[in-house]
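So you can see what is in the structure, the chains are spelled out below.
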Amino acid sequence: SIAWVIRDSQSSSILATQFALRRVFLHKGVEIPVLQLCDAFVHPHHRGKGFFLRILREIAESMPALGFAFAITFANENSAPAFRKLERMHELFTSQ
């Protein structure tokens, strides 16, 4: 598994995290590496400050270097607004 973490620069407290699992999809005999976004957490005192969106952007930027073709997730009522704010979400989360 992989984790992204945002910490407070002064106290080193964790403000937000996103965990992901490595998956492999098989398409016409070809293995495609996929990142499955799982549990995310933003500290209650820091919600609404853009930390989740920041993590999503960091994930999208790092995916090609990590060897992932794309990411999958299942948004809920808490995470859906951040996904809606991403411009060109498909392009951000697809390295091909």
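Since the structure is predicted, the reported quantities are computational estimates derived from the model, not experimental observations.

Reading guide: rules and limits
Going along each chain's sequence as written, the residues are numbered from 1 onward. It should be noted that, the model being predicted, local features are given only for residues of pLDDT at least 70 and side-chain atom pairs only at 80 or more, the latter also being counted only at that level, while totals for whole chains, interfaces and linings use all residues. Calculation of side-chain values draws on the structure's entire complement of heavy atoms; hydrogens and water are dropped beforehand. Secondary structure is summarised from DSSP: a helix means a run of H or I of at least four residues, a strand means a run of E of at least two, and numbering begins at the N terminus for each. The rule is simple: put a 1 Å grid over the protein atoms alone, call a set of points where a 1.4 Å probe fits but cannot get out a cavity, call an open set with protein on both sides within 12 Å along at least five of seven lines a pocket, and count a residue as lining if it has an atom within 4 Å of a point. Grid points are joined across faces, edges and corners, and a volume is the space filled by probe spheres set on the points. When residues are grouped by polarity, Ala, Val, Leu, Ile, Met, Phe, Trp, Tyr, Cys and Pro land in nonpolar, Asp, Glu, Lys and Arg in charged, and all others, Gly among them, in polar. Pairing of aromatic rings covers Phe, Tyr and the six-membered ring of Trp, with a centre-to-centre limit of 6.5 Å; geometry is then stacked below 30 degrees between planes, edge-to-face above 60, and tilted otherwise. Throughout, exposure labels follow a simple rule: accessible area from a 1.4 Å probe, protein chains only, divided by the maximum for the residue type, with under 20% read as buried, over 50% as exposed, and the rest as partly exposed. Nonpolar cores were defined as sets of buried Ala, Val, Leu, Ile, Met, Phe, Trp, Tyr and Cys residues, with membership established by side-chain atoms within 4.5 Å. By definition, residues are in contact when any of their heavy atoms lie within 4.5 Å.

Undergrad: Please set out unusual backbone geometry residue by residue, giving values where relevant.
TA: Despite not being glycine, S12 has its phi angle at roughly 65°, a positive value. Within the secondary structure layout, S12 lies in the loop between β1 (2–7) and β2 (14–27). A positive phi angle, close to 50°, is found at K28, a residue other than glycine. Structurally, K28 is set in the loop between β2 and β3 (30–42).

Undergrad: Residues and numbers for the layout of surface pockets, please.
TA: Roughly 560 Å³ of volume is contained in the largest pocket. Among the secondary structure elements, those contributing two or more residues to the lining of the largest pocket are β3, α1 (51–66) and α2 (80–85). The dominant element in the lining of the largest pocket, judged by the number of residues it contributes, is β3, at five residues. Split by residue class, the lining of the largest pocket holds 13 nonpolar, eight polar and three charged.

Undergrad: An account of the packing of aromatic side chains is needed here, citing residue identities and associated values.
TA: In total, this model carries one aromatic pair according to the counting rule given. An angle of 70° between the planes, with centres 5.7 Å apart, marks the rings of F25 and F70 as edge-to-face. Placement of F25 in strand β2 and of F70 in strand β4 (residues 70–72) is noted, with a sequence separation of 45 residues between them. Overall, the relative accessible area of 24% leaves F70 in the partly exposed class.

Undergrad: Pulling in residues and values, what's your account of the nonpolar core?
TA: Residues W4, L35, L37, L56 and I59 are the most contacted members of the largest nonpolar core, which totals 21 residues. Every element with two or more residues in this core is listed here: β1, β2, β3, α1 and α2. Per element, the largest residue contribution to this core is seven residues, and it comes from α1. Beyond its immediate stretch of four places on either side in the chain, W4 contacts A16, T17, Q18, A20, L35, I55, E58, I59, S62 and L66.

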